[in-house]
Amino acid sequence: MRLLETWVRETARPWLLWVLGAVSVLFLAVFSAVITPAIELVAGGPPPDVVLFQTPTELAAWLERGGDAVRRLYGWFLVADTFYPIVYGLFFAGLLWRLQPGGEAWHLAVYAVAADYLENAMHASILASYPNFLTWAAWVGAAATLLKWVLLLVVVLRALQLAWRCWRQPPG
């Protein structure tokens, strides 16, 4: 964690937070406006990464409904999603550090990134072994997705709380 703390502390520079924030928004815009709708069009539903919870049966039905096209598109989605967690993770961790230097809140962003990578690993293994994927991998992927979204919500709420506290505190 010491190495991560060093990266986070360095990331907390205002100019770097602006860059990471802008790149995070750009990634989110591309995912939301282009990639996710393309996957939904082919599969008749959103990718598992944006579904709050999905059973293995629901995931199998989604993969089957979309056929080879959705499995190929979703594979490319996962490639892009290899970089996005690093970007948003550094942004949120750096922001939390900036708002509370030395505090422990930045760890929450690291845990969200870890959950996102666990989710991606499970979904990649499911794609690689389709149609004979392991049910436990789908359950772990679904749990990781839920955990990721809960942690991201907590991160955003904590950042807002700390920002409010900084704004209300008089200078000096």
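In case you missed it, the structure is sitting above this.
Bear in mind that the values here come from a model prediction, so they are computed numbers and not experimental data. (Residues numbered from 1 in each chain as written. Predicted model: local features only at pLDDT ≥ 70, side-chain atom pairs only at ≥ 80, totals over all residues. Heavy atoms only, no water.)

Colleague: Help me out: how do you make sense of helix H2 (residues 14–43) in this one?
Modeller: Residue pairs spaced three or four apart in an α-helix point in one direction, given the helix's 3.6 residues per turn. In a regular helix each residue adds 1.5 Å, so 30 residues correspond to 44 Å; H2 covers 41 Å between its end C-alpha atoms and thus fits that length. Where H2 bends most, the angle comes to about 40°, and this point is Phe31. Check the buried side of H2 and you find it contacts helix H1 (2–11), helix H3 (56–80) and helix H4 (84–99). The first or second residue beyond H2 is Gly44, which carries a positive phi of 75°. (Helix = DSSP H or I, 4+ residues; strand = E, 2+ residues; numbered from the N terminus. Expected span 1.5 Å × (residues − 1). Bend = angle between axes of the 7 residues up to and from the residue. Contact = heavy atoms within 4.5 Å.)

Colleague: Is there a simple way to think about the environment of Trp18 in this case?
Modeller: The residue Trp18 is located in helix H2 in this model. C-alpha separation for the pair Trp18 and Leu95, spaced 77 residues apart in sequence, amounts to 9.8 Å.

Colleague: Mind showing me how you'd approach the packing of H3 against helix H5 (residues 106–129) here?
Modeller: For any two helices packed against each other, one specifies the crossing angle of their axes together with the interaxial distance. For the pair H3 and H5, interaxial distance at closest approach is 10 Å and the crossing angle is 115°. Put simply, H3 runs roughly perpendicular to H5. Crossing angle aside, the handedness with which H3 passes H5 is left-handed. Of the residues in H5, those in contact with Leu59, Leu63, Arg71, Tyr74, Gly75 and Leu78 of H3 are Asn120, His123, Ala124, Ile126 and Leu127. The class makeup of the residues in the contact of H3 with H5 is seven nonpolar, three polar and one charged. (Axes fitted to C-alpha atoms, helices over the stretch in contact; angles between N-to-C directions. Parallel < 35°, antiparallel > 145°, perpendicular 65-115°, else oblique. Left-handed = near helix turned anticlockwise from the far one by under 90°. Nonpolar A, V, L, I, M, F, W, Y, C, P; charged D, E, K, R; others polar.)

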